[in-house]
Structure formats: structure tokens, C-alpha cells
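# Examination of the molecular architecture
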Amino acid sequence: MWIILYWKPLALIIIPMAVEEIKPPIQVIIDDFISSTNQEETNVSKPSESSILTRLHAGYFRISLSLGGQALPWKILSEPKSDSHEVWHLFRMLPFTAFLLLWWLSLLIQISLSLLYILRALFHFYMAKAEFLHHIGTNYLHAPWISWLLLLQSTTIIIPSSVSYLSLFWVFTVPIVVLDVKIYGQWFTTEKRFLSTLANPTSHMSVIGNLVVAQAAARMGWTESAICMFSLGMVHYLVLFITLYQRLAGCNQFPSTLRPAFFLFFAAPSIASSAWYSITGSFHTMSKMLFFLSLFLFTSLASRPTLFKKSMRQANVAWWAYSFPVTSLALTSALYAKEVKGHVAPGLMLALSALSVLVFLGLIVLTAINTDKLLRQNDPVLSFANDRRTRT
């Protein structure tokens, strides 16, 4: 269509103007249907880009860590011992079949998560690399190896003096030592990765890894190796404990959804207590001191439920961070009750053991109910991988 704007002598200005085509009603309906179909196809294609491999991260090994941590106390408490505590006789009455089912379930989940994570590293290497370089993600890389060591200690198939036990021990220990060299070395050598700026509750995972290695080495009779790993873990635990207690500016950058990791505060000393028991063979003063410290820290956190209010609003795999620390504390209380005579220690053991089982069963039920919400696309742990990909 052509429009005449104005008339001048010897000049006629004509400007073309587009006119919207008038469509019949049936054509409008067809066009709307086609556009909506294209939009649906775009939405359907998005999940393929964010599959289970892209949403998985090392933090999901908290599930197998809790299962392995639950299997180890069952084995220790069900072992025959020459003592007169009636409470220990109650634990020996537990069906051994239940322990076997728990152990095989832990092994199955651990193998499944390991295979999925290997596939993730193969097909999405940039995400595995970003997790290795992140100050939170790299701490949870200890979790799979700790889970394997817990399963190795709680197994009834392999005896600690066998060659198979020794081989598996080294396979699971070497990655923890490599991560120690990487993390601890950065704390005092790398300018942008000082502990004062990177310390967070998940940093306890490296300490727990060293202590679990020490406990496994002590079961094989390697006392010197056990003391070496124990001292390495405890020295860095003291440094980390003081740094987090000072609440420096860099330590406050921690997502609220990951606050269940605060339970790792008392997991480290409780595991250290049981590790020292495995090294010395008795629950002496050092083990008691560490147990009392873990019990105090547990009481301090349990008396502040509002601290975990935001993390409990939506189902998250971070909830599994509650189970393993409580289980380790229950195991240490059982070792303490074995050493100390009276009624208070056995009562404390029963209370913590019951709490450990209730937390464990509750997490299993909540996980079964909210399975579709566990693999979250907006998981705060995955944000570092997406940010790194956009920068590259």
C-alpha cells in the first residue's frame, strides 16, 4: 500500500507502508497451534540437556556414607565381647540378617553412585573439573572414598589380614592422600585459597577421611601408619576448628540449604575418638576427651533448631548430612559405655543409638517420598559448574 504524505510542486512524496494481512479465523487458530507446539518441543528438549549426569555431584555420596556409617556400628555392637553389660546383650540379639541386608544395600548404592559419577566425569568433564576446583565441591570428593573404607571395615567377607583387604585399603586411601596434598597445600601456599577465605563446615570431610583411614589401618595392625594419618587429621582439625570459630568474613559465604553440614563439627571428634580406640585398644583419656567434645558440640547444635529452618523447607540431598555424624556419635558412646561402669553411660548409648536409627529411617522415608525432588537443577552445589562453563 502506498500513502501520499504531501504535495509540492513538481514533487510528490510517496512512502510505502506495510499493512498487516487480514487472516481468516481458522488460519489464526492453526498458527497459534503451531507456535504452541514449537514451544512444547523446546521445553521437552531442555531435560536432555540437564540429565541425571549433569545434576549429580559428589554430595550425593552422603547417602552411601550414611549407609556405610550405619553398617559399621551394627557389626561392632553385634560382635561377641566378654563384658557384663546387659545393654550389649541386647545389641547381640539383633538379627544378623538385617546387618547383611544393610551392608549389601550400602554396597549396591555405593556402586551405583560411583558408576554414575564416572559417567559424569567422562561425558561432562568440565563439571567434574569445576567441582574439583571449588572450595565446597572438592571437600565432598572425599565422601566416596570414605564410604568405601567404611564398607571395607564393616564387611564380613574379607578379613583384615588378607591380601584383598590390603589391596582395597590402598585403592581407597591413595585418593584421600592426594586430596589432602591438594587441599592442605593450598591453605598455606596459594594466595587466593587461604583457609581464612575458604573454610566452611564441609572442610571437615578431609579431616574425617584421614581419621577413617587411621581407623582402617589400625584394624590391620598398622599402628605407625594409623598414628600418622591420625596426627595429620587432628592437626588440621584444630586449625579448621579455630578458623570456623572465629567466623571470619570468608567463612560466612555458605548456602543456607547446606547447613546440615554443620553436624560435621561433632562428627570429626567422635570419629577421632573411635579411631584412637582402634589404635590403642582401649577407651583411654584421649578418646574420652574427644567424645565429650563431640557430645558438647552435638548438644550445642541440637539446641538451635532455627539454624536449620531454611534448609528444611524443601527436600534436599543435604539432609543426609544429619545421619552419619549422629551414627558416629552413637558408636563412640557405645565404646564409652563399654569402658565406663554405671547406668548413665549405657543409657546415653541407648538414647544416641535410638536417635541414630530414627534419623536414618526417617531420611529413607523422606527420600522415598521426595525422590523426584532430590536431583534438583537449581542445587547450590551445581552453581559453580554452570558459572565456570559460562566463563569458558
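Keep in mind that what you see is a predicted model, and the values were worked out from it rather than measured. (Residues numbered from 1 in each chain as written. Predicted model: local features only at pLDDT ≥ 70, side-chain atom pairs only at ≥ 80, totals over all residues. Heavy atoms only, no water.)

Okay, the overall build of the protein chain next. Each helix and strand in the protein chain was counted, giving 17 helices and 2 strands. Here the protein chain, with 392 residues, has 47% of them falling under the buried criterion. (Helix = DSSP H or I, 4+ residues; strand = E, 2+ residues; numbered from the N terminus. Buried < 20%, exposed > 50% of the residue type's maximum accessible area, 1.4 Å probe, protein only.)

Counting residues in hydrophobic clusters, the biggest one holds 98 residues, and the most contacted among them are Ile146, Leu149, Phe169, Ile208, Phe230 and Phe266. In this structure Phe169 touches Leu149, Leu152, Val213, Ala216, Ala217, Met220 and Trp222, once residues within four positions along its chain are discounted. (Core = buried A, V, L, I, M, F, W, Y, C linked by side-chain atoms within 4.5 Å. Contact = heavy atoms within 4.5 Å.)

On to the packing of aromatic side chains, then. Following the criterion strictly, the structure yields 22 aromatic pairs and no others. Pairing Phe283 with Phe291 gives two aromatic rings, centres 6.5 Å apart and planes at 75°, and the pair type is edge-to-face. One exposure class covers both Phe283 and Phe291, and it is buried. Three or more aromatic residues joined by ring pairs form one cluster here, namely Phe263, Phe266, Phe298, Phe308 and Tyr322. Lying across the ring of Tyr140, Arg62 places its NZ or CZ 4.5 Å from the centre. (Phe/Tyr/Trp six-rings, centres within 6.5 Å; stacked < 30°, edge-to-face > 60°. Lys NZ or Arg CZ within 6 Å of the ring centre and 35° of its normal.)

It is worth spelling out the environment of Thr285 at this point. For Thr285, the position within the fold is in helix 13 (residues 285-302). Separated by 12 residues in sequence, Thr285 and Ser273 have C-alpha atoms that sit 9.8 Å apart.

The tally for this structure, following the rule as stated, stands at 1 salt bridge. For Arg120, the salt bridge identified is with Glu131, shortest N-O distance 2.9 Å. Taken together, the residues Arg120 in helix 5 (residues 96-123) and Glu131 in helix 6 (residues 125-133) connect sequence positions 11 residues apart. Neither Arg120 nor Glu131 differs from the other in exposure class; each is buried. (Salt bridge = Lys/Arg side-chain N within 4 Å of Asp/Glu carboxyl O.)

With 16 residues, helix 10 (residues 204-219) should cover 22 Å at 1.5 Å per step; its first-to-last C-alpha distance of 23 Å lies within 8% of that length. For helix 10, the tally of buried residues reaches 15 of 16 residues, placing the bulk of the element in the interior. Gly221 lies just past helix 10 and shows a positive phi near 90°. (Expected span 1.5 Å × (residues − 1).)

What follows deals with helix 12 (residues 264-280). An ideal rise of 1.5 Å per residue puts 24 Å on 17 residues; helix 12 measures up with 24 Å between its terminal C-alpha atoms. After helix 12 finishes, the residue Gly281 shows a positive phi value of roughly 85°.

When two helices pack together, you describe them by how their axes are tilted relative to each other and by the distance separating the axes. With their axes 9 Å apart at the nearest point, helix 7 (residues 143-154) and helix 8 (residues 163-189) run at an angle of 160° to one another. On the basis of the axis angle, helix 7 is roughly antiparallel to helix 8. The two elements helix 7 and helix 8 meet at a crossing, and its hand is left-handed. The segment helix 7 lies against helix 8, with Trp145, Ile146, Trp148, Leu149, Leu152 and Gln153 engaging Tyr165, Leu168, Phe169, Val171, Phe172, Thr173, Pro175 and Ile176. Each residue belonging to the contact of helix 7 with helix 8 can be placed in one class, and the counts come to 12 nonpolar, 2 polar and no charged. (Axes fitted to C-alpha atoms, helices over the stretch in contact; angles between N-to-C directions. Parallel < 35°, antiparallel > 145°, perpendicular 65-115°, else oblique. Left-handed = near helix turned anticlockwise from the far one by under 90°. Nonpolar A, V, L, I, M, F, W, Y, C, P; charged D, E, K, R; others polar.)

Assignment of secondary structure puts Thr243 in helix 11 (residues 223-246). Assessed through its relative accessible area of 10%, Thr243 is described here as buried.

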